[in-house]
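Chain and residue survey
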Protein chains: 2
Amino acid sequence: MNFNGKHLINGEFQADSDKSFQAVDAASTALLDGQFRHATLTDIDRACQLAGDTFPAFSSVAIETRALLLERIAFELEAIVDELVVRIGQEAGLPEARVRGETARTTGQLRLFATVVRRGDFLQARIDTALPERQPLPREDIRQCNSPLGPVVVFGASNFPMAFSVAGGDTASALAAGCPVVVRAHAAHPGTSEWVAKAIARAVDYCKLPAGIFSLIQGKGHDIGKALVQHPAIKAVGFTGSLGGGRALCDLAAARPDPIPVYAEMGSINPVFLLPRALDERAEALAEAFVASLTLGTGQFCTNPGLIIAAAGDGLNRFRKRVADIITAAQPGVMLNPGILNGYCQQQDKYRTEAELISEGEQATNRASVTLFGTSFAKWQDCAVLHEEVFGPCSLLVETVSSEQLLNAAEQLEGQLTATLWAQENELQDYPALISELTRKVGRVLVNGFPTGVEVCDAMTHGGPYPACSITNSTSVGSRAIERFLRPVSFQNFPNDCLPAALQNNNPLRINRLVNGQQDIEPIG
Amino acid sequence: MNFNGKHLINGEFQADSDKSFQAVDAASTALLDGQFRHATLTDIDRACQLAGDTFPAFSSVAIETRALLLERIAFELEAIVDELVVRIGQEAGLPEARVRGETARTTGQLRLFATVVRRGDFLQARIDTALPERQPLPREDIRQCNSPLGPVVVFGASNFPMAFSVAGGDTASALAAGCPVVVRAHAAHPGTSEWVAKAIARAVDYCKLPAGIFSLIQGKGHDIGKALVQHPAIKAVGFTGSLGGGRALCDLAAARPDPIPVYAEMGSINPVFLLPRALDERAEALAEAFVASLTLGTGQFCTNPGLIIAAAGDGLNRFRKRVADIITAAQPGVMLNPGILNGYCQQQDKYRTEAELISEGEQATNRASVTLFGTSFAKWQDCAVLHEEVFGPCSLLVETVSSEQLLNAAEQLEGQLTATLWAQENELQDYPALISELTRKVGRVLVNGFPTGVEVCDAMTHGGPYPACSITNSTSVGSRAIERFLRPVSFQNFPNDCLPAALQNNNPLRINRLVNGQQDIEPIG
C-alpha cells in the first residue's frame, strides 16, 4: 500500500494546502515515504462541519447499525494487519509481536463496544409511569435514556498507534455512543493513521452510513488541535498524552463560549507499594517481575511503574540489589520517536540531579537506557521534580523508615491511573488505611501484579484524579468509556410511537430498564 | 426560634469576624431580625479542611448509614416546617402553600436518595472474573464500582430556599454519594439557611457521623464563593443560579491547579412550540394554561416558559388575544428579593426596546408585572437580546411564517433545560425532525404540558447543553443527580475481604451487578 497524504474528509482525500511533512523512522531517524499534508483551518472546518451535519442522521440510526459498524471496522483492520506491522515498525519502532497484539486489542475493543451497544445498558433506560391519582399533584409519564453528546474530536496518541489512536478506544466509544468523530492523526505515525482511517471509511461505506461521520486530519503543530477543540460543531474531546498537552486542550475548551469536556488521560507515575512480608519472602522474584514491567515497550505505557515505595530493611536491600543487577545488563531500547527520546533524556537528567542513581542499563546512540534511582521518603516528599512522570524505562525507589510510613507516602501522591500493592497472604488486611487512601487517589488498585497491561473489559477503570485524568469521573478504557459521550434526555407525556426505541412500551430493543424503581425487561402498559 | 448568625462548622456555630448583615423582607424591603456574619478565609478554610479530613471516614461508612442520614434530615426538616413557613415567607416572599409544598418536595427528594442508596444501582458494580486459561494472556479478576468524588461545595439558590438550597438536591445527592458538603448559604435567606443547617447537623449527630461532613457558610459577596471553589480540599461544586454567576464559578474551577467539575444549572428560556392543529382546536385553553405556568411563583422557576413559538394564522391570533386579555388583568407579584426584581425590570426593558409589547399586567411599586412580548421569526433569529432569559413572569411570542419554519426556530435555539410541544392526537408524528432537533438541544422534551413542575424521580433530567447547564451529561434533579459526585474505581486481583462490600463474592448488599457481561444478583465464586 502507498500513501495519499491528504486528509480523509467525507470519505475522500482532500487538502487545502500543499504544505507537507514526512514521518521519521523511529530507530534510524531516516525520513519515511509518504508526503503528508498540514491541515489548514479550511480543512478543519470542513471536517467538523460535516461531523455536525451528519450528527442528526447518525444519532438516529438503529443501535444495531452502530454495532455492525464497529464490527466491520475490526474486520477491515484485520485485513491490513500485515502492512501495519511494517509501517508501525518504522513509524513507532514497535516490534511485530507488539503490533499484532495491539491490533488484536484494538479489534477486541471495537467488538466489545458492539457487545455493549447491543446489550443496551449504556442507554440507562428509565421509565416512571404516570400516577394520575397521586395527591396533591398527579405525576405525568416520564422516561429517560442516554443520547449521544455530539461530534467528538479524538487525538491519536503516539504510544499506542492502534489501541489509542485513529481506531482506538476513544473513536470506538464515541461511534458506539452515536457521535461522529474527527481524528487528529498523531504526526509521528501519519502513514499508519491514513491506512487505519481508510479502513474505517470502508466500514462506514459498507454500512451505508454518511461518510461525514468520520474524518482524519493530518499535520504538525499545535494550531491544528487548537482549531479542532475550538470548533463550534465539536461537543467533546478525547485525548491521551502528556500533562502539558492535555491541560492546554482543557484550558482551550474551558474558555470556549460554550465550554465542552476534554477527556484527557495524561499519564501517571503508578506507585508500587512493596509490603514488608512480601519483600522478605520474595524480594528477588519481585525484582525480576518489576524490571519486566518497567522495560515493557521501552517503558512507554501510561501505566509504567515509575515509583516503588517500600520500608527500609533486609528485604528491600535484596530487592534493590537484584533490580540493580538486572538493569545493569539491560539493553537500551528504541523509543517511539526522537521527540519522546529527547524528553526522556531531559527528565532522566532531572532525576540524576535530585536522586541517587542506583543502576543504569547499557547505553547507545538514539536509544533509551533503563535507569533506577533511589531516594528517601523525607527527600521525596519535598521534591516536586521527583513526583513528575518520566515517560520511559525509568523508575524511582523511595525508602520509608517504617511500614507505617507507607501511608504517609500514599498521602503525598497526586492523582494516579493505578497503584499496586505487593503482599503475602493475609498481609494486605493489616493495611486498611493504605487501601482506603489509594482508593481515593487512583483509578485502579492492583494486588500482586503490575499495572502495565490494561484489560479491555466491563470492569476496567483507566482514569483517576487529576493530573492522571482531566475529568475524574470517567474512564478511557473499558465499556464505561462510552459514558463520556452520552447525556441523559427525558421525554414527558410522549406518544408511544414518538419515543426512542429504548423507551417504547413494548421494549423493542429487549433491554433492561428501570421501571418505577425496579429493573425490568418486560413490556409495559 | 431565633438566630445565632454564625457559620455552622464542625457542628458548632463559629465565626472569625464580627462583620454582619441582615436579611431583607422580600415584600416590604424592611430589615429582618438576625445578624448574620460574613465568612472570612479562615472560616472557609476551616469548613473545607474539615470536609477533607472527614471524607475518609464518611466515604467508608455503611451504605445503610447514608440512607438513614438522608431520612433523618427529612424528619428533622418536617419538625421545623411551621417556622420555615414564616421565615421563608419573609426572606423569599413565598406563600405558605408553596413553602409547605417545597418542603415536601425537599423531604421527598431526601427519601428518594435514601431509596437510591439502598437500591445500590448507583454503585454500578461490575465484576469480570479471572480467566487464567485465556490465550495469549490470562485475564486477572477485575472489579469496579463507583466511589465518592470528595468534598462538595453547594451554592444555595435564591428561587428554591428549600429544594435547591441548604438541604436541596445537590446536598442530598452529594451526601448520598458519600461526599462531605460545605454549603454556601444564599445571602437572601440566611435565616432559613441556618435553621435548615441546624436540622442537618442534628441528623448528622443522630447518626453518629463526624460533624465535619456538613458545614454552612454565611455571608455576602463573590469572594466567599471564589474561595470555596478554589479550596484544594474541594473536589466538585453544585450550583443553581444565573448564567453569569455559574460561568464565573466554572472559569475559577477550570483555572485551578487541579481543575474540578462545577455542575451549574444556569437557567433556560424553555421554548414552547404550539403545533397548528393544537392551536386551531384549543387556542383559548392553551392560552389559559400558558399564563398559569408563566405566572406560577411569579415566574421564578428555571423552567418558566419564556418563549412561545407558533406559525401565524387564525389559531395563533386567538391564542394571542386570549393571553393578552388574561395578562392585562394579572396582579403584580412579589419577587424573591430586591436584586431579582431589579434584574427583572432591566431585562424586561431590553425586551421593550427590541420587541412589541403585546400585553402587560397591573403594576405596583416593588412588584413584578406580567408581560408578553411578540416578534417575528426573522427579527428574533438575529437579535441576541431576545434569546436571553428574563427571570420572572415575562414571555416572548415568536411568530413563524409557516409550520415548516418551526424547525428553523428550533435550530436557532441555544441549549435548554426543556422544550415543550403542544399537539393534537397524531399531530406530533408529522414533526420527526423537530422532535429530533429538540432532543439534541434540551434535557427534557414534554408534550401537552408545561415545563414548570420538575418531578423528582428516577427518569428526570434537569440539565441540558450549555448554557442551560455547564456539564451537559448531568442532571441536577432526579436520582441520576448522584452520578455527578461519583467516580469509577477498579480493584484487580484483590483478596475478597479487602474489597468494598459492593464487590465481595457473596454480594452482601444484595445489589444487581454486571458479572461477566450479565446482570446478576447472585453470589459468585
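Keep in mind it's a predicted model, so treat the numbers as computed, not measured. (Residues numbered from 1 in each chain as written. Chains lettered and ligands numbered in written order. Predicted model: local features only at pLDDT ≥ 70, side-chain atom pairs only at ≥ 80, totals over all residues. Heavy atoms only, no water.)

Our next topic: the overall build of chain A. Secondary structure assignment for chain A yields 14 helices and 21 strands. At 25 Å, chain A has a C-alpha radius of gyration in line with the 24 Å of a compact globule built from 525 residues. Expressed along its principal axes, the backbone C-alpha trace of chain A runs to roughly 75 × 65 × 40 Å. By residue count, 62% of the 525 residues in chain A fall in the buried class. Of the contacts formed within chain A by residues at least 6 apart in sequence, a portion of 75% connects residues at least 24 apart. Counting only carbon and sulfur atoms, one obtains 51% of the accessible surface of chain A, whose full area is about 17800 Å². Averaging the positions of the 44 positive and the 57 negative side-chain charges in chain A gives two centres separated by 4 Å. (Helix = DSSP H or I, 4+ residues; strand = E, 2+ residues; numbered from the N terminus. Rg over C-alpha atoms; globule rule 2.2 N^0.38 Å. Buried < 20%, exposed > 50% of the residue type's maximum accessible area, 1.4 Å probe, protein only. Contact = heavy atoms within 4.5 Å. Areas by Shrake-Rupley, 256 points an atom, 1.4 Å probe, with all protein chains shown as cover. Lys, Arg positive; Asp, Glu negative; His and termini not counted. Charge placed at Lys NZ, Arg CZ, Asp CG, Glu CD.)

In this section: the UniProt feature "domain: Aldehyde dehydrogenase" (unreviewed entry) in chain A. Under the UniProt annotation, the feature "domain: Aldehyde dehydrogenase" (unreviewed entry) is placed at residues 18-464 of chain A. Measuring from the first to the last C-alpha atom of residues 18-464 of chain A gives 41 Å, for a span that is 43% helix and 17% strand. (UniProt positions renumbered as here; feature names shortened; annotations may be inferred.)

Residues and elements named next belong to chain A. Running from N to C, helix H13 (residues 405-412) and helix H14 (residues 432-441) point in directions that differ by 10°, and their axes come no closer than 9 Å. Comparing the axis directions of H13 and H14 gives the class roughly parallel. Within the contact between the two elements, H13 uses Leu 406, Leu 407, Ala 410, Glu 411 and Gln 412 and H14 uses Ala 433, Leu 434, Glu 437, Leu 438 and Lys 441. Here the residues of the contact of H13 with H14 are counted per class, giving 6 nonpolar, 1 polar and 3 charged. (Axes fitted to C-alpha atoms, helices over the stretch in contact; angles between N-to-C directions. Parallel < 35°, antiparallel > 145°, perpendicular 65-115°, else oblique. Nonpolar A, V, L, I, M, F, W, Y, C, P; charged D, E, K, R; others polar.)

Here we come to empty space enclosed by the protein. The final tally for this structure, using the stated rule, is 4 cavities of 30 Å³ or more. Estimated volume of the largest cavity: approximately 70 Å³. Lining the largest cavity are 13 residues; nearest its centre among them are Ser268(A), Asn304(A), Gly306(A), Glu389(A) and Val390(A). Within the lining of the largest cavity, the residues separate by chemical class into 6 nonpolar, 6 polar and 1 charged. The computed volume of the second largest cavity comes to approximately 50 Å³. Lining the second largest cavity, in full, are Ser268(B), Ile269(B), Asn304(B), Gly306(B), Tyr351(B), Glu389(B), Val390(B), Cys394(B), Ser395(B) and Leu396(B). (1 Å grid on protein atoms, 1.4 Å probe; cavity = no way out; pocket = protein on both sides within 12 Å on 5 of 7 lines; lining within 4 Å. Points joined across faces, edges and corners; volume = space filled by probe spheres on them.)

We now examine the packing of aromatic side chains. Residue and element names in this part refer to chain A. Applying the stated criterion across every chain, the model contains 26 aromatic pairs over all chains. Aromatic pair Phe 491 and Phe 494: ring centres 5.3 Å apart, planes at 80°, arrangement edge-to-face. Residue Phe 494 is classed as buried on the basis of its relative accessible area of 10%. By the ring-pair criterion, three or more aromatic residues cluster together here, those being Phe 3, Phe 21, Phe 36 and Trp 195. Above the plane of the ring of Tyr 206 lies Arg 72, whose end atom (NZ or CZ) is 3.6 Å from the centre. Over the ring of Phe 160 we find Arg 98, and its NZ or CZ is 4.8 Å from the ring centre. (Phe/Tyr/Trp six-rings, centres within 6.5 Å; stacked < 30°, edge-to-face > 60°. Lys NZ or Arg CZ within 6 Å of the ring centre and 35° of its normal.)

What follows covers the pairing of strand S15 (residues 371-376) of chain B. Residue and element names in this part refer to chain B. S15 sits mainly inside the fold: 5 of its 6 residues count as buried. As judged from the 4 bridges shared by strand S14 (residues 356-360) and S15, these two strands associate in the antiparallel manner. Residue pairing in the sheet places Ser 359 in a bridge with Leu 372 of S15. Sheet topology note: the S15/strand S16 (residues 394-400) ladder contains 6 bridges and is parallel. Across the sheet, the residue bridging to Leu 372 is Ser 395, located in S16. Traced from S15 through helix H12 (residues 377-382) to S16, the parallel crossover comes out right-handed. (Pairing = 2+ DSSP bridges. Right-handed = clockwise from strand over helix to strand, strands pointing away.)

Core analysis: the largest hydrophobic core is formed by 247 residues, its most contacted members being Leu69(A), Phe273(A), Leu69(B) and Phe273(B). Residues contacting Leu69(B), with those up to four places away along its chain left out, are Phe58(B), Leu175(B), Ala203(B), Val204(B), Cys207(B), Leu209(B) and Ile213(B). (Core = buried A, V, L, I, M, F, W, Y, C linked by side-chain atoms within 4.5 Å.)

Attention now moves to the sheet that holds strand S5 (residues 126-128) of chain A. Pairing in this open sheet of 12 strands is mixed, and the strands run S21(A)-S20(A)-S5(A)-S6(A)-S19(A)-S18(B)-S17(B)-S12(B)-S13(B)-S16(B)-S15(B)-S14(B) from one edge to the other. Unpaired on one side and paired on the other, strand S21 (518-520) of chain A together with S14 of chain B mark the two borders of the sheet. Taken over all neighbouring pairs, the strand axes of this sheet differ in orientation by 25° on average, direction set aside. Relative to S16(B), strand S13 (residues 307-311) of chain B is paired through 5 bridges, and the arrangement is parallel.

Looking now at the interface of chain A and chain B. If you look at the interface, chain A gives 72 residues, while chain B gives 72 residues. Counting each side, the surface lost to burial between chain A and chain B is near 5900 Å², with a carbon and sulfur contribution of 50%. When the area that chain A buries against chain B is broken down by residue, the three leading residues are Arg440(A), Arg480(A) and Arg487(A), summing to 11%. Connecting chain A to chain B are 6 salt bridges. Across the pair Arg126(A) and Asp121(B) runs a salt bridge, and its minimum N-O distance is 3.8 Å. Counting across the chain A and chain B interface gives 48 residue pairs in polar contact (both at pLDDT 80 or more). Going through the elements one at a time, helix H1 (41-59), S5, strand S6 (142-148), helix H8 (243-254), H14, strand S18 (442-447) and strand S19 (486-492) of chain A are the ones with two or more residues in the side of chain A that touches chain B. In terms of residue count, S19(A) provides more of the side of chain A that touches chain B than any other element does, 7 residues in total. (Buried area = accessible area lost by both parts, 1.4 Å probe. Salt bridge = Lys/Arg side-chain N within 4 Å of Asp/Glu carboxyl O. Polar contact = N/O pair within 3.5 Å; in protein donor to acceptor, adjacent residues only side chain to side chain.)

This next bit is on the packing of helix H2 (residues 63-78) of chain A against helix H5 (residues 169-177) of chain A. To characterise two packed helices, one gives the angle between the axes of the helices and the distance between these axes. Residue and element names in this part refer to chain A. It is at 9 Å that the axes of H2 and H5 come closest, and there the two elements cross at 155°. Comparing their axes, H5 and H2 come out roughly antiparallel. Note on packing geometry: the crossing formed by H2 with H5 is right-handed. Of the residues in H5, those touching H2 at Arg 66, Leu 69, Leu 70 and Ile 73 are Ala 172, Leu 175, Ala 176 and Ala 177. (Left-handed = near helix turned anticlockwise from the far one by under 90°.)

On to the sheet that holds strand S19 (residues 486-492) of chain B, then. Pairing within the open sheet is mixed, and its 12 strands lie in the order S14(A)-S15(A)-S16(A)-S13(A)-S12(A)-S17(A)-S18(A)-S19(B)-S6(B)-S5(B)-S20(B)-S21(B). Whereas interior strands pair on both sides, the edge strands pair on one side only; in this sheet they are strand S14 (356-360) of chain A together with strand S21 (518-520) of chain B. Sheet twist, expressed as the average angle between the axes of neighbouring strands with direction ignored, equals 25°. Judged from the 2 bridges that link them, strand S5 (residues 126-128) of chain B and strand S20 (residues 513-515) of chain B form a sheet pairing that is parallel. In the sheet register, Arg126(B) faces S20(B), and the bridge partner there is Leu514(B).

This part takes up the state of the cysteines. Using the criterion set out here, one finds 0 disulfides over all chains in the structure. Counting only cysteine sulfurs, Cys145(A) is the nearest neighbor of Cys457(B), a cysteine outside any disulfide, at a range of 14 Å. The class for Cys457(B) is buried, based on a relative accessible area of 3%. The thiol of Cys469(B) is unpaired, and the distance to the nearest cysteine sulfur, on Cys250(B), comes to 8.8 Å. (Disulfide = S-S within 2.5 Å.)

Moving on to the relation of the copies chain A and chain B. Superposition record for chain A on chain B: RMSD 0.0 Å, screw rotation 180°, translation along axis 0.0 Å. What we have between these two chains is a two-fold relation. Relative to the rotation axis, the closest C-alpha in chain A is found at Ala254(A), a distance of 3.3 Å. Of all interface residues in chain A, 100% are interface residues in chain B too; the two copies therefore contact each other through one and the same surface. (Least-squares fit on C-alpha atoms with pLDDT ≥ 70 in both.)

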